[in-house]
Amino acid sequence: MSNTSTQAPRLRKADGWLAGRCKRHSDAADLVKRLHYSRGCANTSVLASGLVSPDLDLVGAALWMPPPPGSAKWVARKYGCSSSKVITLSRMVIEDQVPKNGASFLLGWGSRELRRLGWQVAVTFADPLEGHTGGVYLACGWTRDGESSAAPRWTDPEGRMRSRHSTKGLTVADMLSRGWGRIPGRPKPRFIKIL
């Protein structure tokens, strides 16, 4: 017989927890910029979803957007759908005080909403440099499907991660002259969710 008083609290809709679409992309983006290790995100998203506490505080956010065209085509070929029906989970953050199933609660709502909107396949990555293994994705029915190539990570003097897009056309010398730091990359596990 287990002692329920020692188990971690579970987030439940019945207790007033809600997941849904954020009114503005900026609401989710502000939380992402504060909590995500990259300290940044895209200026737009197809879906910005949030996790709201019983006190009506935004305590989690997920940003969904189309992946780069090459990635979308690869996923579409492998899973038999149109590349225009592939979406990526770009960023997800949860406040530390949220019960441990908060991420799965938010991901579950997002998956159902994306299916309703006509998306067919979702893709995301876990970052081993940050200690992420992708366990939450596996717990939510995602499937591990290989890994990315190892790409270096660049950070600006404020510690914000610079996207690959922002480094296009720049040489290593250019980036170093801007004060950016280079961190060797590691392959990232890729996870797929059939919606």
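Structure shown above.
Conventions we followed
- Residues numbered from 1 in each chain as written.
- Predicted model: local features only at pLDDT ≥ 70, side-chain atom pairs only at ≥ 80, totals over all residues.
- Heavy atoms only, no water.
- Helix = DSSP H or I, 4+ residues; strand = E, 2+ residues; numbered from the N terminus.
- Polar contact = N/O pair within 3.5 Å; in protein donor to acceptor, adjacent residues only side chain to side chain.
- Contact = heavy atoms within 4.5 Å.
- Phe/Tyr/Trp six-rings, centres within 6.5 Å; stacked < 30°, edge-to-face > 60°.
- Buried < 20%, exposed > 50% of the residue type's maximum accessible area, 1.4 Å probe, protein only.
- Core = buried A, V, L, I, M, F, W, Y, C linked by side-chain atoms within 4.5 Å.
- Salt bridge = Lys/Arg side-chain N within 4 Å of Asp/Glu carboxyl O.

**A look at the side chain of Asp145**
With respect to the element layout, Asp145 can be found in strand β6 (residues 143-147). Within the structure, Asp145 has its side chain in polar contact with the side chain of Lys78 (distance 2.6 Å).

**Some details on the environment of Gly179**
Along the chain, Gly179 falls in the loop between α6 (172-177) and β9 (181-183). Once the C-alpha coordinates of Gly179 and Thr155 are considered, the two residues, 24 residues apart in sequence, prove to be 8.6 Å apart. When residues no more than four places from it in sequence are discounted, the contact partners of Gly179 are Thr155, Asp156 and Pro157.

**Brief notes about the packing of aromatic side chains**
Scanning all chains against the criterion turns up three aromatic pairs. For the pair Tyr137 and Trp142, a centre-to-centre distance of 5.5 Å together with 50° between the ring planes defines the contact as tilted. Here Tyr137 matches Trp142 in class, with each residue buried. Seen in terms of ring centroids, Tyr137 and Phe191 are 5.4 Å apart; in terms of plane orientation they differ by 40°. Their pairing is tilted.

**Side note on the nonpolar core**
Formed by 24 residues in total, the largest nonpolar core has its most connected members in Trp64, Met92, Leu107 and Trp142. Within the residue set of this core, elements represented by two or more residues are β2 (47-52), β3 (58-65), β4 (86-94) and α3 (102-116). At five residues, the largest contribution of residues to this core is made by α3. For Trp64, the contacting residues outside a window of four places in its chain are Ser45, Val46, Leu47, Ser49, Ile87, Thr88, Leu89, Leu107, Gly110, Leu114, Ala122 and Trp142. Cys22, Ala29, Ala48 and Leu63 belong to the second-largest nonpolar core, a separate cluster that totals 10 residues.

**Topic: the pattern of salt bridges**
For the coordinates displayed, the defined rule picks out seven salt bridges. Put simply, Lys78 and Asp145 hold a salt bridge, and the shortest N to O gap is 2.6 Å. On the criterion of sequence distance, the pair formed by Lys78 in helix α2 (residues 69-79) and Asp145 in strand β6 is long-range, its members being 67 residues apart. Owing to a relative accessible area of 45%, Lys78 belongs among the partly exposed residues under this scheme. Of the charged contacts, one joins Glu147 and Arg144 as a salt bridge, the two residues approaching to 3.4 Å between their closest N and O atoms.

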